[in-house]
Amino acid sequence: MDWWQPRGVLRRFVVDLLADEMARHRRAAAPHATMWADYLRLDMDLDSDSLELMTLATALAESVHLHESGIEDYLLARRTLGEWVDITATGLARYSECLTFRTSGSSGTPKPCVHVLAALQQETRHLATLFPDRRRVLCAVPAHHIYGFLFSVLLPARLGLRAEKVIDLRSSTPAWLARGAQPGDLVIGFPDFWHAVGRTVPELPPGVVGVTSCAPCPDAVSQQVEDAGIERLVHVYGASETGGVGARDTHRKPYTLFPHWRLEGDHRLVRRLPDGGEQAAWVQDRLEMSGESLFRVGPRLDNGVQVGGINVFPVRVREVLKAHPAVDDVAVRLMRPEEGGRLKAFVVAKPGWDPHDILRELRELAERELAPAERPKAWRLGESLPKTPAGKMADWEP
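Residues numbered from 1 in each chain as written. Predicted model: local features only at pLDDT ≥ 70, side-chain atom pairs only at ≥ 80, totals over all residues. Heavy atoms only, no water.

Colleague: Go over the pattern of salt bridges with me, naming the residues and quoting the values.
Modeller: Any two side chains of opposite charge can pair, on the condition that their charged atoms come close. Under the counting rule described, the total for this entry stands at 32 salt bridges. In this structure, Arg-360 and Glu-364 form a salt bridge, with 3.6 Å as the shortest nitrogen-oxygen distance. Separated by 4 residues within a single helix, Arg-360 and Glu-364 lie in helix α11 (residues 355–369), roughly one turn from each other. Overall, the relative accessible area of 40% leaves Arg-360 in the partly exposed class. According to the relative accessible area criterion, Glu-364 is partly exposed, its value standing at 37%. Through salt bridges with shared partners, a single ionic network connects Arg-333, Arg-336, Glu-338, Glu-339, Lys-344, Asp-395 and Glu-397. (Salt bridge = Lys/Arg side-chain N within 4 Å of Asp/Glu carboxyl O. Helix = DSSP H or I, 4+ residues; strand = E, 2+ residues; numbered from the N terminus. Buried < 20%, exposed > 50% of the residue type's maximum accessible area, 1.4 Å probe, protein only.)

Colleague: Which residues make up the packing of helix α1 (residues 7–26) against helix α2 (residues 50–64), and what values do they have?
Modeller: One way to put it is that α1 packs onto α2 with a least axis distance of 10 Å and a crossing angle of 135°. It follows that α1 is oblique to α2 by the angle criterion. Between α1 and α2 lies a crossing of right-handed hand. Across from Phe-13, Val-14, Leu-17, Leu-18, Glu-21, Met-22, His-25 and Arg-26 in α1, the residues of α2 making contact are Leu-51, Glu-52, Thr-55, Leu-56, Ala-59, Leu-60, Ser-63 and Val-64. Considered class by class, the residues forming the contact of α1 with α2 number 10 nonpolar, 3 polar and 3 charged. (Axes fitted to C-alpha atoms, helices over the stretch in contact; angles between N-to-C directions. Parallel < 35°, antiparallel > 145°, perpendicular 65-115°, else oblique. Left-handed = near helix turned anticlockwise from the far one by under 90°. Contact = heavy atoms within 4.5 Å. Nonpolar A, V, L, I, M, F, W, Y, C, P; charged D, E, K, R; others polar.)

Colleague: Would you mind going over the nonpolar core in detail, with residue names and values included?
Modeller: The biggest cluster of nonpolar side chains holds 70 residues, and the ones touching the most others in it are Trp-3, Trp-36, Trp-84, Phe-149, Phe-151 and Ile-188. Looking at this core, the element that brings in the most residues is α1, giving 9 residues. Dropping the residues within four chain positions of it, Ile-188 is found in contact with Val-137, Leu-138, Cys-139, Ala-140, Val-141, Tyr-147, Phe-151 and Val-211. (Core = buried A, V, L, I, M, F, W, Y, C linked by side-chain atoms within 4.5 Å.)

Here is the structure:
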């Protein structure tokens with residue numbers, strides 16, 4: 001069966017993509033997916049102006065390659081969600097060989113990553129061997145991101161699960177799992193989700209398997225979820241550029257490289273494609289191999305950090321904050337897990353500025369210029385940046 005059938009699967013994909021684009025364009029939360037009815041008008045009911053409609057149509061057309069079917073212009077001639085879903089289905093019936101996913105981004109311009117559908121299905125076949133006998137898929141991630149697409153669209157179909165067996169967890173708190181999870185469930189989450197599960201679910205039903213990806217899951221969080229009785233919490237390592245690269249059943253083990261990948265060097269991967277060809281890819285972390293198929297994830301190579309599964313570059317945040325006329329210098333770094341896992345900023349002000357005014361104006365600047373994951377959640381003022389005795393930058397308490 002084509003991945004976009006039945007219609008509800010494609011509808012979930014389209015709604016998630018449009019809601020994400022709308023939130024990025026407005027820098028505010030979009031209406032929850034449960035509020036999007038087929039008759040909903042994007043212009044009148046969701047207040048999308050002509051510029052936003054163009055942005056939404058472009059994002060959807062790019063994602064499913066509507067330009068290949070030649071019907072992308074029909075989106076702007078229609079206004080209801082249901083019509084956009086139907087146009088997308090028509091386009092996919094004509095061309096569905098490739099999909100484009102975007103990186104989470106750190107500067108408001110996420111990078112497009114084109115994937116051949118046959119390669120995604122190749123990965124799904126392997127994933128199905130890791131999760132046999134699953135009866136339902138409970139998903140806390142959106143379907144238009146590559147992780148959500150693989151695990152909530154392609155994998156359920158590969159496992160023979162009907163569309164109604166895929167349940168969206170995003171309208172509930174993670175605590176729902178204590179009463180709603182069943183033996184045979186596969187729960188698709190991310191580190192912050194599993195952190196909430198560990199805090200609010202004292203005991204899970206037997207036979208529940210979880211998956212975490214998007215960002216490194218702290219060992220303490222994994223252990224807490226295991227203590228709650230999860231059968232396995234499978235860590236999947238990958239990226240928007242590559243899809244899944246490897247997996248492990250527990251945080252205590254190294255990852256096992258997926259069989260269609262091989263590692264050359266410490267961050268260059270080569271994929272064996274279904275048609276017999278090969279494709280190179282690079283990851284943003286140093287991978288430390290142990291034998292032919294086992295690896296551990298080392299430090300990042302691009303100075304980026306992840307906040308809630310989103311790539312963020314503290315250097316960029318520093319540049320934005322330092323542009324304020326009251327700022328003499330500023331340091332930005334990721335909080336330690338016990339501090340909250342968000343960004344924090346240490347500010348050195350120029351003489352003559354009121355500290356309260358500076359912090360208020362910097363918060364307003366961050367709201368205007370930075371994406372939600374980039375905005376510091378803790379601010380400190382001081383006379384000089386914290387340094388070690390050797391003169392290197394030091395950490396500070398938020």
